[in-house]
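# Structure at a glance
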Amino acid sequence: MSRNDVTEKIITAKVLKGISWASVAEQVGLSKEWTTAACLGQMTLTAEQAATIAGIFDLSADDQKWLQVVPYKGSLPTPVPTDPLIYRWYELVSVYGTTIKELIHEEFGDGIMSAIDFSMDMQRQEDPKGDRVRVVLSGKFLPYKTY
C-alpha cells in the first residue's frame, strides 16, 4: 500500500458516490482548493482531517495513516503534461512565465513566490460569450538572502 493507492480509493469513492470536492471541503472545514489537493495526495492532513476524509470515502484506519504522511509532491506523470487542461497551464507558464518573473522582480526584487505560504481561489465567472475560469493565486514573496 502507498499514498497513491489511497488517492485512487478516494477518487473511486468520489465517482461512485457522486461527491463534489466542495462538499468534501465543507465537511473538512477548509477551502475546496486545498482539500482537493490533499485528497489527491499533495498535502498532509492532520489526524482529525484524515478521520473526516476517511468517513466521507469509507477509508480504513491504515488509509488514514497514509493521509497523514508528508507526500512526495508533484503529481504529473510526465515532464510535459499530456492531459489537455493541464497542458494549457504548462503552456501558460511557457508563454507568460518570463513575464510573471520579470514583473515580480520589478515589483518585489530578487526572490520567489512561495508555493508553501500559498492560497488559490478558483471560481466560475459567467460570461455571455462563454463562461470563464477565474483563478487567483496568492503566494508569499520570499527574497533571496545575501550571506
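This text goes with the structure placed above it.
Given the structure is predicted, the values throughout are model-derived calculations rather than measurements.

### A word on the packing of aromatic side chains
- The tally for this structure, following the rule as stated, stands at 3 aromatic pairs.
- With 5.7 Å between their ring centres and 40° between their planes, Y87 and Y90 make a pair best called tilted. One end of the pair, Y87, and the other, Y90, are both in helix α6 (residues 84-108), 3 residues apart, so they sit about a helical turn from each other.
- For the pair F108 and F141, a centre-to-centre distance of 5.1 Å together with 25° between the ring planes defines the contact as stacked. In this pair, F108 sits in helix α6 while F141 sits in strand β2 (residues 132-143), placing the two residues 33 residues apart along the sequence.

### Details of the packing of helix α1 (residues 3-17) against helix α4 (residues 47-57)
- Where α1 meets α4, the closest approach of the two axes is 9 Å, and the angle between their N-to-C directions is 45°. The angle between α1 and α4 places the two elements in the oblique class. Residue-level inspection shows I10, A13, K14 and K17 of α1 in contact with α4, the latter providing I53, I56 and F57.
- For the contact of α1 with α4, the class distribution of residues is 5 nonpolar, no polar and 2 charged.

### Here we look at the pairing of strand β1 (residues 111-125)
- Inspection of the sheet shows β1 paired to β2 by 11 bridges, in the antiparallel sense. Across the sheet, the residue bridging to F118 is G139, located in β2.
- Two successive antiparallel strands, β1 and β2, enclose a turn made up of 6 residues, where G130 displays a positive phi of approximately 130°.

### Some details on the pattern of salt bridges
- According to the stated counting rule, one finds 5 salt bridges in the structure shown.
- Two residues, D131 and R124, come together in a salt bridge whose shortest N-O distance is 2.7 Å.
- Judged by its relative accessible area of 41%, D131 is partly exposed.

What counts, and at which threshold
- Residues numbered from 1 in each chain as written.
- Predicted model: local features only at pLDDT ≥ 70, side-chain atom pairs only at ≥ 80, totals over all residues.
- Heavy atoms only, no water.
- Phe/Tyr/Trp six-rings, centres within 6.5 Å; stacked < 30°, edge-to-face > 60°.
- Helix = DSSP H or I, 4+ residues; strand = E, 2+ residues; numbered from the N terminus.
- Axes fitted to C-alpha atoms, helices over the stretch in contact; angles between N-to-C directions.
- Parallel < 35°, antiparallel > 145°, perpendicular 65-115°, else oblique.
- Contact = heavy atoms within 4.5 Å.
- Nonpolar A, V, L, I, M, F, W, Y, C, P; charged D, E, K, R; others polar.
- Pairing = 2+ DSSP bridges.
- Salt bridge = Lys/Arg side-chain N within 4 Å of Asp/Glu carboxyl O.
- Buried < 20%, exposed > 50% of the residue type's maximum accessible area, 1.4 Å probe, protein only.

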